[in-house]
Amino acid sequence: MHLYIHIPFCKQACHYCDFHFSTNTTNKRAVVEAIAREIVLRQSYLPDGDMETIYFGGGTPSMLDEAELRFLLDTIHRQFRVAPNAEITLEANPDDLNAATLQMFAKSGINRLSIGIQSFHEPHLRFMNRAHSAVEAEQCVKLAQDAGIDNISIDLIYAIPAESHAILLSDLSKAFTLNVPHISAYCLTIEPQTAFGSWLKKKKIKPIEEEYAAQQFEILVGSLRENGYEQYEISNFARNSRYSNHNSSYWKQHPYLGVGPSAHSYNGVSREYNISNNAKYLEAIQKGSIPATIETLSPADQTNEYLLTGLRTKWGVERQKLEMLSAGAFALQAGEELERITRKGWIKEDSGILLLTEAGKLFADRIASDLFID
Ligand code: SF4
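In this report, we go over the structure that sits alongside the text. The structure presented is a predicted model; accordingly, all values stated were derived computationally and were not measured.

Rules of the game
- Residues numbered from 1 in each chain as written.
- Predicted model: local features only at pLDDT ≥ 70, side-chain atom pairs only at ≥ 80, totals over all residues.
- Heavy atoms only, no water.
- Helix = DSSP H or I, 4+ residues; strand = E, 2+ residues; numbered from the N terminus.
- Rg over C-alpha atoms; globule rule 2.2 N^0.38 Å.
- Buried < 20%, exposed > 50% of the residue type's maximum accessible area, 1.4 Å probe, protein only.
- Contact = heavy atoms within 4.5 Å.
- Areas by Shrake-Rupley, 256 points an atom, 1.4 Å probe, with all protein chains shown as cover.
- Lys, Arg positive; Asp, Glu negative; His and termini not counted.
- Charge placed at Lys NZ, Arg CZ, Asp CG, Glu CD.
- Pairing = 2+ DSSP bridges.
- Axes fitted to C-alpha atoms, helices over the stretch in contact; angles between N-to-C directions.
- Salt bridge = Lys/Arg side-chain N within 4 Å of Asp/Glu carboxyl O.
- Phe/Tyr/Trp six-rings, centres within 6.5 Å; stacked < 30°, edge-to-face > 60°.
- Lys NZ or Arg CZ within 6 Å of the ring centre and 35° of its normal.
- Parallel < 35°, antiparallel > 145°, perpendicular 65-115°, else oblique.
- Nonpolar A, V, L, I, M, F, W, Y, C, P; charged D, E, K, R; others polar.

So, the overall build of the protein
Okay, step 1: Of regular secondary structure, the protein possesses 14 helices and 15 strands.
Okay, step 2: In terms of overall dimensions, the protein is globule-like: its C-alpha atoms have a radius of gyration of 21 Å, near the 21 Å expected for 374 residues.
Okay, step 3: With 374 residues in all, the protein has 53% of them scored as buried.
Okay, step 4: Of the contacts made within the protein by residues no fewer than 6 positions apart, 70% connect residues no fewer than 24 positions apart.
Okay, step 5: Surface exposure of the protein reaches about 17,000 Å², of which carbon and sulfur atoms provide 50%.
Okay, step 6: One way to put it: in the protein the 36 positive side-chain charges average out to a point 3 Å from where the 46 negative ones average out.

Have a look at this one:
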């Protein structure tokens, strides 16, 4: 079983971000209490079993103080059987991390950190309106390791407009010296509801060129491979199989419960989407109701979701499962397209498992959507 907790607060808005968060923290304590209440209300959402992963995401969960974090963890332990070796991840921003906070996290039971570094290059951090400096980005990983948390993932963003690829290479080389077991690397995308989106509309910035992004992706993948990181998902790289168990459970379509404003849940047959509004979330939970919309997944939805997430991973997608989820419709509807993509050299089949080739990884989402069924 897997649990996601969305902490919907940030110090400031990064110019590229379209996640749900608020920079107004006046009702932070009340929202934390509501999240704990939702955990109680949702106790029977998942089938019985040990909680194997717990993930504090956001927003910025490292803005939780000790009392808030302990309150949430105590509630989780009261409501669920947490596996003794459960992976408990907290997303953190470098500017929140100091020796005392990190020791508090470790003492509370957090055993994995996902740190939003994004870049070690000061002008890029300013361009994206990150709240931390390049120096803090480097220091926080060492501080976390000193506090005894060695299961660390760092986030990097590539395809940030620059004269050459030198900044990306320098970001990667700094990341390698920190000796973290996991790196997530995401392409900068410009979403309409963000500062970058509005600047693009006003022509203050240019769109990210596809060719530049593809070149950066190739540099990134090659450099990570040379340094011992396995690309186990298009954007995720691990040394010594230290994968994110929590995110892997999404990609393998295991059921999970998501609590907090904007969190999603999945139970195998439907998805639930919590409202992305802190005040409305609070009001509903205080009345004892869960402000979520439910989407029942048709066989086509389940097949297409499996394609979209599975093809991005090193585990690929099983032909048999595609037929099972689609009630036999996959081969009929997507068989010819699959042959075409295979002939192009973007997909290979190995013992009934479809996997993207290195060339195919450049077009993962497009390939999946070309195989979608109705
Ligand atoms: S990227 Fe992270 S820190 Fe920045 S606004 Fe989005 S959620 Fe907050």
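Points about the sheet that holds strand S12 (residues 292-296)
Okay, step 1: In spatial order, the strands read S10-S11-S12; together these three strands make up an open sheet with antiparallel pairing. Edge positions in the sheet fall to strand S10 (264-266) and S12, since each of these pairs with one other strand and no more. Each neighbouring strand pair of the sheet contributes to a mean axis angle of 20°, computed without reference to strand direction.
Okay, step 2: As paired strands, S10 and strand S11 (residues 270-274) are joined by three bridges and run antiparallel to one another. When the bridges of S11 are listed, His 264 appears paired with Tyr 273.

Looking at the pattern of salt bridges
Okay, step 1: In this structure the tally under the stated criterion is 22 salt bridges.
Okay, step 2: With a closest N to O distance of 2.2 Å, Arg 126 and Glu 122 form a salt bridge. Here Arg 126 pairs with Glu 122, and both are found in helix H4 (residues 122-127), just four residues apart, close to one helical turn.
Okay, step 3: Overall, the relative accessible area of 41% leaves Arg 126 in the partly exposed class.
Okay, step 4: Judged by its relative accessible area of 30%, Glu 122 is partly exposed.
Okay, step 5: Note that Glu 230 is salt-bridged to Lys 314, the shortest N-O span being 3.1 Å. Taken together, the positions of Glu 230 in strand S7 (residues 230-233) and Lys 314 in the loop between helix H11 (299-310) and strand S13 (317-318) put the pair 84 residues apart, joining distant regions of the chain.
Okay, step 6: Assessed through its relative accessible area of 29%, Glu 230 is described here as partly exposed.
Okay, step 7: Classification of Lys 314 as partly exposed rests on a relative accessible area of 36%.

Things to note about the packing of aromatic side chains
Okay, step 1: Summed over the entire model, instances satisfying the criterion amount to twelve aromatic pairs.
Okay, step 2: Taking the centre distance of 6.2 Å and the plane angle of 35° together, the rings of Tyr 256 and Tyr 266 count as tilted. Residue Tyr 256 is found in the loop between helix H9 (245-251) and strand S9 (257-259), and its partner Tyr 266 is found in strand S10; the two are separated by ten residues along the sequence. Note on accessibility: Tyr 256 and Tyr 266 belong to one class, buried.
Okay, step 3: Put simply, the rings of Tyr 232, Tyr 243, Trp 251 and Trp 315 touch in pairs and so form one group of aromatic residues.
Okay, step 4: Seen from the ring of Tyr 45, Arg 42 lies directly overhead, with NZ or CZ sitting 5.4 Å from the centre.

Here's the deal with the packing of helix H1 (residues 28-41) against helix H2 (residues 66-79)
The relative placement of two packed helices comes down to the angle between their axes together with the axis-to-axis distance.
Okay, step 1: Contact pair H1 / H2: the axes reach a minimum separation of 9 Å and the direction vectors enclose 5°. By the angle between their axes, H1 is roughly parallel relative to H2. Between H1 and H2, the contacting residues are Lys 28, Arg 29, Val 32, Glu 33, Ile 35, Ala 36, Ile 39 and Val 40 on the first element and Ala 67, Glu 68, Phe 71, Leu 72, Thr 75, Ile 76 and Gln 79 on the second.
Okay, step 2: For the contact of H1 with H2, the residue count by class is nine nonpolar, two polar and four charged.

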